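Overview (structure and organization)
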Amino acid sequence: MDLFRSVRAVANAGDGDGSGRIDWDAVATAAKGATDPGGLDLSDAEREGYAADVRDARERLRSVGGLDFDVPETIEVQNRHHWIDANVATFRRVMRPVETEVSVAFPNATRVVNTGSMALVLSFLGSHVLGQYDPLLLAEGDDEAHGLYFVHPNIVAAAADLDVDHPRFRRWIAFHEVTHAAEFGAAPWLSEHLESRLEDGLETLASGGFDREAFHDLDVAMTAVEGYAELLMDRAFDAEYADLRAKLDARRRGGSPLTRLMRRLLGLGLKRRQYERGASFFETVADRRGVAAAAAVWNRPENLPTDEELDTPARWLARVDP
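Computed from a prediction, not measured in an experiment: that's the story for all the values here.

This brings us to the sheet that holds strand E2 (residues 131–134). A sheet is described by the order of its strands in space; here three strands give the open sequence E1-E3-E2, paired in mixed fashion. The open sheet is flanked by strand E1 (74–78) and E2, the only strands paired with a single partner. Strand-to-strand twist across the sheet, computed as the mean angle between neighbouring axes with direction ignored, equals 15 degrees. As paired strands, E2 and strand E3 (residues 147–151) are joined by four bridges and run antiparallel to one another. Bridging across to E3, Tyr 133 finds its partner in Leu 148. The sheet contacts of helix H6 (residues 152–162) involve E1 and E3, and relative to E3 the element is tilted by about 45 degrees. Against the sheet, helix H7 (residues 166–186) touches E2 and E3, its axis set at about 10 degrees to E2.

This next bit is on the side chain of Glu 177. When you line up the elements, Glu 177 lands in helix H7. Looking at Glu 177, the relative accessible area reads 8%, which means it is buried. One polar contact links the side chain of Glu 177 to the main-chain amide nitrogen of Tyr 133, over a distance of 3.2 Å. Here Glu 177 is in contact with Gly 131, Gln 132, Tyr 133, Leu 148 and Phe 150, once residues within four sequence places are set aside.

Of all five residues that make up E3, five are buried, and the element is covered over most of its length. What you see with E3 is no split at all: Gly 147, Tyr 149 and Val 151 on one side and Leu 148 and Phe 150 on the other are buried throughout. Alignment of E1 against E3, held across five bridges, turns out to be parallel. Across the sheet, residue Val 77 finds its bridge partner in E3, namely Phe 150.

Quick look at the side chain of Asn 87 now. Position of Asn 87 among the secondary structure elements: in helix H4 (residues 80–101). Other than its neighbours up to four places away in sequence, Asn 87 contacts Leu 122 and Gln 132.

All right, on to the confidence of the model for the protein then. Residues with a pLDDT of 70 or more make up 82% of the protein, whose mean pLDDT is 84. Here helix H11 (residues 257–265) is the element of the protein with the lowest mean pLDDT, 59, and helix H15 (residues 313–320) is the one with the highest, 96.

A few words now on the nonpolar core. Grouped together as the largest cluster of nonpolar side chains are 63 residues, with contacts concentrated most on Phe 169, Trp 172, Tyr 228 and Trp 298. Take this core: its biggest share by element is 10 residues, from helix H9 (residues 212–236). Counting 18 residues, the second largest nonpolar core, distinct from the first, contains Trp 24, Ala 31, Val 88 and Met 118.

About the criteria used
Residues numbered from 1 in each chain as written. Predicted model: local features only at pLDDT ≥ 70, side-chain atom pairs only at ≥ 80, totals over all residues. Heavy atoms only, no water. Pairing = 2+ DSSP bridges. Helix = DSSP H or I, 4+ residues; strand = E, 2+ residues; numbered from the N terminus. Axes fitted to C-alpha atoms, helices over the stretch in contact; angles between N-to-C directions. Contact = heavy atoms within 4.5 Å. Buried < 20%, exposed > 50% of the residue type's maximum accessible area, 1.4 Å probe, protein only. Polar contact = N/O pair within 3.5 Å; in protein donor to acceptor, adjacent residues only side chain to side chain. pLDDT = per-residue confidence, 0-100. Core = buried A, V, L, I, M, F, W, Y, C linked by side-chain atoms within 4.5 Å.

Structure (structure tokens):
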């Protein structure tokens, strides 16, 4: 790590004309300077392990979920710096409407604060994220492939910290991320739906307002995404994993006071509630009509559950009749 380099990059973000509210190049430099990249010296067996896990997850999820999908062409085993670079590109793309339109009284000072804040967020996440499916929301051009990333040093470190078998833990992470690829692959409209609500929300923010409906719709849709992934994980993973879930949940609740504070500030507890609420909805649907019936949620945007239906699955079943 090079903390001096990080501080210098953030401090220099205020130099020049201050165009743009965030200096993204400085974000990448500062976040990587504050983060140990971790090792990425994989053996042939480890590389084949990742490939086999993704391949097996795809076949199991196709069979159990009744979904027709392919995994992304871009499957990367990354170190922490690779993950930071990929997500700087994502945040730069998503934040563009806000940072170019919102006017501030002290642009250079604001640029330094925003740059430092984003660097802190990405450094923290880069040290904790295990895997990621990236649908590349708001990407320019339709030819950009979705991405599937595994942060190898974090997976190795987490398996050791939890005292669990590394290959089994890696496989569980692979199954979880491929479930998200399954959802977006089975529902070509899903990316466009999320992009539309995200754009509406960001445009309103850029004009100084807040589109509560747009962000509420995003929360409901993501609750469905996370909940369905939990259902498929429960039904498709080809080994017992209750111990993995319990140990990982305990790890997420623990950590240093700073780690717990960062998790609260980043809303990671909210994501856990999305998992739990969405999983409860889909478990009820699957218990009553089967896993294939639950997949009807991806047939068209109108089949997404409403906020009320997430808590009363019988109403969704009566309306959609899968």
